[in-house]
Amino acid sequence: RTLIVMVVMAAALRSLRALPRSMSRIKQARTRTRTPIGPLCRRRACACARRARACRRIVVLASSSSSSSQSSSQSKSAAVGVHALVFSGSWSRDDALKAIAGAAKANYDFVEIPLLSPEAVDGPMTKDLLEEHGIFATASLGLADDADISSEDNDVARRGEELLNAAVDTCASFGGKVLCGVTYSSLRKYDKPLTAKGRDNCVQALKNVAKRCSDNGMTLGLEVVNRYETNVCNTARDAATLCDDVGASNVFVHLDSYHMNIEEDSMEQAVLDAGDKLGYVHIGEAHRGYLGQGQCDLDGLFASLKKSKYSGYVAFESFSRAVVSDDLSNTLCVWRDMWEDSEDLAVSAREYIRDRFV
C-alpha cells in the first residue's frame, strides 16, 4: 500500500513540475504573436490548470491515504473555499475574474458565488473562468421579502420557490453541485414567530427544490443564522429538524461560526446537534473581519469538526463596505470597513484555516 502511494505521489509531482514549462510556452507564444490567445492555446491552458488542481488533490489524497494506514482516526481532507464577496461586489466578467483568480491565487479549492439575483450571473462565462483557473464553485443566497417560502401568503411563497429554482438552474449552468444559504426564508428581522402555515409552505417548497437539485446532481443547504435575520432556523437543532421534515437525502445543515457565536450553547454542541447532516461550514469572525482578531471560539469549532471527522465544505466569509454593495451591506448590517485589502485578507484566512484544520 505504501508503494502504491509513493508511485501515485511521484506521478503527480512530475506533472506539477511540468506545469510551469507548459504555461511558459503558452505565454511565450502569445508574446511572439502579440495576439490574443487562440482557442487551442486557451484549451491547453485550461487543461494545464485542471491537471495542476487534480495533481494537488492526488498528492493530498495520497498523503491522507498514507496517514490513514498508520492511524485509523485520521479523517478525509475538507474542501476549503472563500466567499466571492471577499473580492467582488457584483458579477460582471471583470468582477468574476477578480474573485475566481483571487481565490485560486490564495490556494482555495473553490469560490462561493452569491445568487441573490440568479439572472445576473452568466453561467457559461463563469464556468469557463473556473476551468481556466482550476477551481470549482458553490452558490448561496438568501430569499427576499416578496419571495419568501416561509410566508403565509401563497403567492409570496410561490415567488420564493421560483427564485430558488432559478438559483438551482444558474448554479447548474456553471457546474456547481451545492446551493446553500438562507434558502428557507427571507433574510431579515421578523416581527413574530414562524406560523404553522408558514412552516408548511416552507417544507413543501424545500421538498420541491430538493427534487430539482437532485435532478441536477446537486445538494441543498439550510444555513443557520441568528434571530435578527430569520425566525426559522436559529440553531443547528432547528436546521436538523427542518432537514428531517423535508425528508430528502440531499438536504443538509449549513453552520456559520458568526451566527453560532450568537445563538448556540457552544461550538461543539452545535456540531453535535447537526450530526451527520452537517455538510457546509462558514468560517467568519464576530466582527466579520480577519480571523483570530475577534471573539469567536474558532479553535473550539475546528476541534469539534476534527473530532467529528468532518470532511465537507469549509468556506471563509467576510464582508466589508469597501467591496460589498450598499444594498447588501445594509441588509447584512455591515456599517464599517473591517478591511480593504481583499488579497491579504484571503491569504490570511487560508493560512489560519490551514494551520488549525485543513
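Just above sits the structure.
The rules behind each value
Residues numbered from 1 in each chain as written. Predicted model: local features only at pLDDT ≥ 70, side-chain atom pairs only at ≥ 80, totals over all residues. Heavy atoms only, no water. Helix = DSSP H or I, 4+ residues; strand = E, 2+ residues; numbered from the N terminus. Buried < 20%, exposed > 50% of the residue type's maximum accessible area, 1.4 Å probe, protein only. Contact = heavy atoms within 4.5 Å. Arc of directions from axis to C-beta. Pairing = 2+ DSSP bridges. Axes fitted to C-alpha atoms, helices over the stretch in contact; angles between N-to-C directions. Right-handed = clockwise from strand over helix to strand, strands pointing away. Polar contact = N/O pair within 3.5 Å; in protein donor to acceptor, adjacent residues only side chain to side chain. Salt bridge = Lys/Arg side-chain N within 4 Å of Asp/Glu carboxyl O. Parallel < 35°, antiparallel > 145°, perpendicular 65-115°, else oblique. Lys, Arg positive; Asp, Glu negative; His and termini not counted. Patch = residues over 30% accessible without salt bridge, like charges linked within 9 Å, V, L, I, M, F, W, Y side chains within 5 Å. Areas by Shrake-Rupley, 256 points an atom, 1.4 Å probe, with all protein chains shown as cover. Charge placed at Lys NZ, Arg CZ, Asp CG, Glu CD. Expected span 1.5 Å × (residues − 1).

A short note on the overall build of the protein chain
Thinking step 1. The secondary structure content of the protein chain amounts to twelve helices and eight strands.
Thinking step 2. Within the protein chain, the fraction of its 358 residues that count as buried is 49%.
Thinking step 3. Contacts in the protein chain between residues far apart in sequence, at least 24 positions, make up 77% of those at least 6 positions apart.

Some points on helix H7 (residues 236-246)
Thinking step 1. Of the positions making up H7, those classed as buried are Ala236, Ala239, Ala240, Leu242, Cys243 and Val246. Within H7, the buried residues cover an arc of 160° as seen down the axis, which keeps them to one side.
Thinking step 2. Considering only its buried residues, H7 is in contact with strand E4 (178-186), helix H6 (196-215), strand E5 (219-223), strand E6 (251-256) and helix H9 (267-274).
Thinking step 3. One or two positions beyond H7, positive phi appears at Gly247, with a value near 70°.

Looking at the sheet that holds strand E1 (residues 79-83)
Thinking step 1. Pairing is parallel around the closed barrel formed by eight strands, whose spatial order is E1-E2-E3-E4-E5-E6-E7-E8. Between one strand axis and the next, the sheet turns by 30° as a mean value, whatever way the strands run.
Thinking step 2. Judged from the three bridges that link them, E1 and strand E2 (residues 110-114) form a sheet pairing that is parallel. The partner of Val82 across the bridge, within E2, is Val111.
Thinking step 3. Its contacts with the sheet place H6 against E4, E5 and E6, and it is angled at close to 145° to E5.
Thinking step 4. H7 rests against E4, E5 and E6 of the sheet, and its axis sits at about 165° to E6.

Quick notes on the pairing of strand E3 (residues 136-143)
Every regular strand shows the same layout, with side chains that alternate between the two sheet faces.
Thinking step 1. Burial analysis of E3 places seven of its eight residues in the buried class, which makes it a mostly covered element.
Thinking step 2. Of the strand pairs in this sheet, E2 and E3 are connected by five bridges, and their pairing is parallel. Each bridged residue has a counterpart across the sheet, and for Phe110 the counterpart in E3 is Phe136.
Thinking step 3. Sheet topology note: the E3/E4 ladder contains five bridges and is parallel. In the strand pairing of E4, Gly142 is matched with Val182.
Thinking step 4. Read from E3 through helix H5 (residues 154-173) to E4, the crossover connection turns out right-handed.

As for the pairing of E2
Thinking step 1. By the criterion of burial, E2 is predominantly enclosed, with four of the five residues buried.
Thinking step 2. Note on the crossover from E2 through helix H4 (residues 123-133) to E3: the handedness is right-handed.

Observations regarding the side chain of Glu285
Thinking step 1. Within the fold, Glu285 resides in the loop between strand E7 (278-283) and helix H10 (298-307).
Thinking step 2. A distance of 3.4 Å separates a polar atom in the side chain of Glu285 from the backbone nitrogen of Cys296.
Thinking step 3. In contact with Glu285, other than residues within four places in its own chain, are Tyr258, Tyr290, Leu291, Gly292, Gln293, Gly294, Gln295, Cys296 and Leu298.

Some words on the pattern of salt bridges
Thinking step 1. Following the criterion strictly, the structure yields 14 salt bridges and no others.
Thinking step 2. When the shortest N-O distance is used, the salt bridge between Arg356 and Asp299 registers 3.4 Å. Of this pair, Arg356 sits in helix H12 (residues 342-356) while Asp299 sits in helix H10, and the two are 57 residues apart along the sequence.
Thinking step 3. Put simply, Asp155, Arg158 and Glu162 are held in one network by salt bridges that share partners.

Thoughts on the packing of H7 against H9
Thinking step 1. At a minimum axis distance of 8 Å, the contact between H7 and H9 shows a crossing angle of 5°. When the interaxial angle is binned, H7 and H9 end up roughly parallel. Here Ala236, Arg237 and Ala240 of H7 lie close against H9, whose contacting residues are Gln269, Ala270, Asp273 and Ala274.

Details of the side chain of Arg350
Thinking step 1. By the secondary structure assignment, Arg350 is in helix H12.
Thinking step 2. Here Arg350 sits buried without a salt bridge, and the closest side chain of opposite charge, Asp109, lies 5.0 Å off (N-O distance).
Thinking step 3. A distance of 3.2 Å separates the side chain of Arg350 from the backbone oxygen of Asn107, its partner in a polar contact.
Thinking step 4. Residues within four places of Arg350 in sequence aside, it is in contact with Val80, Ala106, Asn107, Tyr108 and Val358.

Let's talk about a negative patch on the surface
Thinking step 1. A surface patch of like charges, here negative, comprises Asp337, Glu340, Asp341, Asp344 and Glu351.
Thinking step 2. The residue Glu340 is located in the loop between helix H11 (326-331) and H12 in this model.
Thinking step 3. Among the residues examined, Glu340 registers a relative accessible area of 66% and is labelled exposed.

A word on H12
Thinking step 1. Taking 1.5 Å per residue as the helical rise, H12 with its 15 residues ought to reach 21 Å, and the 21 Å between its terminal C-alpha atoms agrees with that figure.
Thinking step 2. The set of residues buried in H12 consists of Ser342, Leu345, Ala346, Ala349, Arg350, Tyr352 and Ile353. Along the axis of H12, the buried positions cluster into a sector of 160°, meaning they face one direction only.
Thinking step 3. Contacts from the buried residues of H12 go to E1, E7, H10 and strand E8 (313-316).

Section: the environment of Glu152
Thinking step 1. Along the chain, Glu152 falls in the loop between E3 and H5.
Thinking step 2. Using a relative accessible area of 39% as the deciding quantity, one classes Glu152 as partly exposed.
Thinking step 3. C-alpha of Glu152 to C-alpha of Leu194: the two residues are 42 residues apart in sequence and 9.3 Å apart in space.
Thinking step 4. Each residue touching Glu152, except ones within four places of it in the same chain, is listed here: Lys192, Thr195, Lys197, Gly198 and Asn201.
Thinking step 5. For Glu152, the side chain forms a polar contact with the side chain of Thr195, separated by 3.2 Å.

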